[in-house]
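Spelled out from the first residue to the last, the chains are:
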Amino acid sequence: MSKLRWKSRELSERYLITYRHRGAANDVKQIRATDIVKLGKSYFTLNSETGEEVTIPFNRILEIRYVEKDAMIWKSRKRS
């Protein structure tokens, strides 16, 4: 996530983040890094479909992919 924080917005759109989200199909949701509104030390914040800010702790991130090359950048060891 630190790498994404310091990349330009143009490059951030190339990253896809998969995270655990209760209520979503298979409890998993995917977003583009450009959807992130705020990045903290242990969380990121994004706007939901209803316009509310949602805070996602880093421990819920399952994987980060570089879309153009379909390359895995990072994967959680505890993914189940």
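Here, the structure is the one placed above.
Predicted model, so just to flag it, every value in this text is computed and none were measured.

Analysis parameters
- Residues numbered from 1 in each chain as written.
- Predicted model: local features only at pLDDT ≥ 70, side-chain atom pairs only at ≥ 80, totals over all residues.
- Heavy atoms only, no water.
- Pairing = 2+ DSSP bridges.
- Helix = DSSP H or I, 4+ residues; strand = E, 2+ residues; numbered from the N terminus.
- Axes fitted to C-alpha atoms, helices over the stretch in contact; angles between N-to-C directions.
- Core = buried A, V, L, I, M, F, W, Y, C linked by side-chain atoms within 4.5 Å.
- Buried < 20%, exposed > 50% of the residue type's maximum accessible area, 1.4 Å probe, protein only.
- Contact = heavy atoms within 4.5 Å.

A. Inspection of the sheet that holds strand β4 (residues 43-47) at higher detail. The three strands lie next to each other as β3-β4-β5, forming an open sheet whose pairing is antiparallel. Both outer strands of the open sheet, β3 (36-39) and β5 (53-57), are each paired with one neighbouring strand and no more. The mean inter-strand angle of the sheet, taken between neighbouring strand axes irrespective of direction, is 25°. Two elements, β4 and β5, share five bridges in a ladder whose sense is antiparallel.

B. Local environment of the nonpolar core. Of all hydrophobic cores here, the largest spans 15 residues; its most connected members are Met1, Leu4, Ile17, Ile31, Phe44 and Ile64. Broken down by secondary-structure element, the contributors of at least two residues to this core are β1 (15-20), β3, β4 and β6 (61-66). The contact partners of Leu4, leaving out residues within four places of it in the chain, are Ser12, Tyr15, Ile17, Ala33 and Ile64.

C. Highlighting the pairing of β6. A large share of β6 lies buried, amounting to five of its six residues. By the bridge criterion, five bridges tie β1 to β6 in an arrangement that is antiparallel. Residue Leu16 lies in a different strand from β6, and its bridge partner there is Arg65. Pairing analysis gives four bridges linking β6 to strand β7 (residues 71-75), with the strands arranged antiparallel. Opposite Tyr66, over in β7, you have Ala71 as the bridge partner. Here β6 folds back onto β7 in antiparallel fashion, the turn holding four residues, of which Asp70 has a positive phi close to 50°.

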